Amino acid sequence: MYNDLERILFSKEQIATRVKELGAQLSKDYAGKNPIFICILKGSVLFFSDLIKEITVPINLDFMAVSSYGSGTVSSGEVKMVKDLDSSIENRHVIIVEDIVDTGHTLTYLIKNLKARMPASIKVCTLLDKECRREVDLTPDYIGFKVDNYFVVGYGLDYDEAYRHVPEVGVLKPEVYTK
């Protein structure tokens, strides 16, 4: 697996430190609000799991799955809802937890969908922000790390369902995905 990586961008230690910082900030910002954290499957599951362990205020959890990639390396632009929430978010403070914000199309679709459900607020917490690829006006509220235009894998991020289990975030060698 590691032979397929050009280099490691963020180590396990860097990720753990940043997740702890984000957890502390979210705990401070949502004290007394009982927010609901929504994990966007599958990519953000590792980040989500580590992040919620750092939250020190009462929270609820839920999960959604949306897709715009299929097995490719570039967003198809078509967003498909694969799994919806199990609970109501009406009058709730919602934190969407994402693995990476790229073009922003998927997240824009998701926010629009969730706003129709009348939450008290919606914020976005992402592990990675690839702002250089943004095609819509969208800025995550909580950002782990900013990344340049690399194809990244690890810590939940995949290429064709592989590499999610790698504990670091690394750059995938182009020859792996251009075969």
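It should be emphasised that the depicted structure is a prediction, and the values quoted were computed from it without experimental measurement. Note that residues are indexed from 1 along each chain, following the sequence as it is written. Given that the model is predicted, a residue must reach a pLDDT of at least 70 before its local features are reported, and side-chain atom pairs must reach 80 or more before they are shown or counted; all residues, however, enter totals for whole chains, interfaces and linings. The basis for every side-chain value is the complete set of heavy atoms in the structure, and neither hydrogens nor water enter the calculation.

**Focus on the pattern of salt bridges**
Two side chains of opposite charge can pair, provided their charged atoms sit close to one another. What makes a salt bridge here is a side-chain nitrogen of Lys or Arg within 4 Å of a carboxyl oxygen of Asp or Glu, nothing more. Enumeration according to the criterion identifies 15 salt bridges in this entry. One salt bridge connects R117 with D84, and the closest N-O pair in it is separated by 2.9 Å. In this pair, R117 is assigned in the loop between α3 (105–115) and β6 (121–129) and D84 in the loop between β4 (80–83) and β5 (93–101), connecting sequence segments 33 residues apart. For R164, the salt bridge identified is with E161, shortest N-O distance 3.1 Å. Going along the chain from the N terminus, every DSSP run of H or I of four or more residues is numbered as a helix, and every run of E of two or more is numbered as a strand.

**Remarks on a nonpolar patch on the surface**
Exposure above 30% relative accessible area and the lack of any salt bridge qualify a residue for a patch; like charges then connect within 9 Å, and the nonpolar side chains Val, Leu, Ile, Met, Phe, Trp and Tyr within 5 Å. Every accessible area reported is derived by Shrake-Rupley at a probe size of 1.4 Å, with residue values counting cover from the shown protein chains alone. Judged by side-chain polarity, M1, Y2 and I8 come together as a nonpolar surface patch covering roughly 300 Å² of accessible area. Relative to the helices and strands, M1 is located in the segment before β1 (5–10). The partly exposed category is assigned to M1, whose relative accessible area is 48%. For every residue, the accessible area (1.4 Å probe, protein chains only) is compared with the maximum for its type, and the residue is labelled buried under 20%, exposed over 50%, or partly exposed between those bounds.

**Some points on the nonpolar core**
Put simply, a nonpolar core is a bunch of buried Ala, Val, Leu, Ile, Met, Phe, Trp, Tyr and Cys residues held in one set by side-chain atoms that sit within 4.5 Å of each other. One finds L26, F47, L51, L128 and V169 to be the most contacted residues of the largest nonpolar core, which totals 28 residues. Only heavy atoms matter for contacts: two residues are in contact if any of them lie within 4.5 Å across the pair. Those residues in contact with F47, other than ones at most four positions away along the chain, are V19, L22, V97, E98, C125, T126, L127 and Y155. With 17 residues, the next largest nonpolar core counts I40, V101, L110 and L138 among its residues.

**Thoughts on helix α2 (residues 45–53)**
All of the buried residues in α2 are F47, F48 and L51. Burial along α2 is one-sided: seen end-on, the buried residues are contained in an arc of 95 degrees. Against α1 (12–29), β2 (36–41), β3 (60–67), β5 and β6 lie the buried residues of α2. It is the directions from the helix axis to the C-beta atoms whose arc is reported.

**Points about the side chain of E168**
Along the polypeptide, E168 turns up in the loop between β8 (152–153) and β9 (169–172). Despite its burial, E168 pairs with no opposite charge, the nearest such side chain being K12 at 4.6 Å. Excluding residues that lie within four positions of it along the chain, E168 makes contacts with Y2, I8, F10, S11, K12, I15, V153, G154 and Y155. His is not counted, nor are the chain ends; Lys and Arg add positive charge and Asp and Glu add negative charge.

**Quick notes on the sheet that holds strand β7 (residues 142–146)**
Across the sheet, 6 strands lie side by side as β4-β3-β2-β5-β6-β7; this open sheet has mixed pairing. Each of the sheet's edge strands pairs with one partner strand only, and the pair in question is β4 and β7. Ignoring strand direction, the axes of neighbouring strands in this sheet form an average angle of 25 degrees. By the convention used here, strands pair only if DSSP detects at least 2 bridges between them. In this structure, β3 lies alongside β4, joined through 3 bridges in antiparallel fashion. If you follow A65 over to β4, its bridge partner there is K83. For every element, the axis is a line fit to its C-alpha atoms; helices are fit only across the contacting stretch, and the angle between N-to-C directions ranges from 0 to 180 degrees.

**A short note on the packing of α1 against α2**
At a minimum axis distance of 8 Å, the contact between α1 and α2 shows a crossing angle of 55 degrees. What the angle tells us is that α1 and α2 run oblique. You can see that α1 and α2 cross each other, and the crossing is right-handed. Across the interface between the two elements, V19, L22, G23 and L26 of α1 pack against F47, D50 and L51 of α2. An angle below 35 degrees is read as roughly parallel, one above 145 as roughly antiparallel, one from 65 to 115 as roughly perpendicular, and any other as oblique. Throughout, a crossing is termed right-handed when the near helix is turned clockwise from the far one, and left-handed when it is turned anticlockwise from it by less than a right angle.

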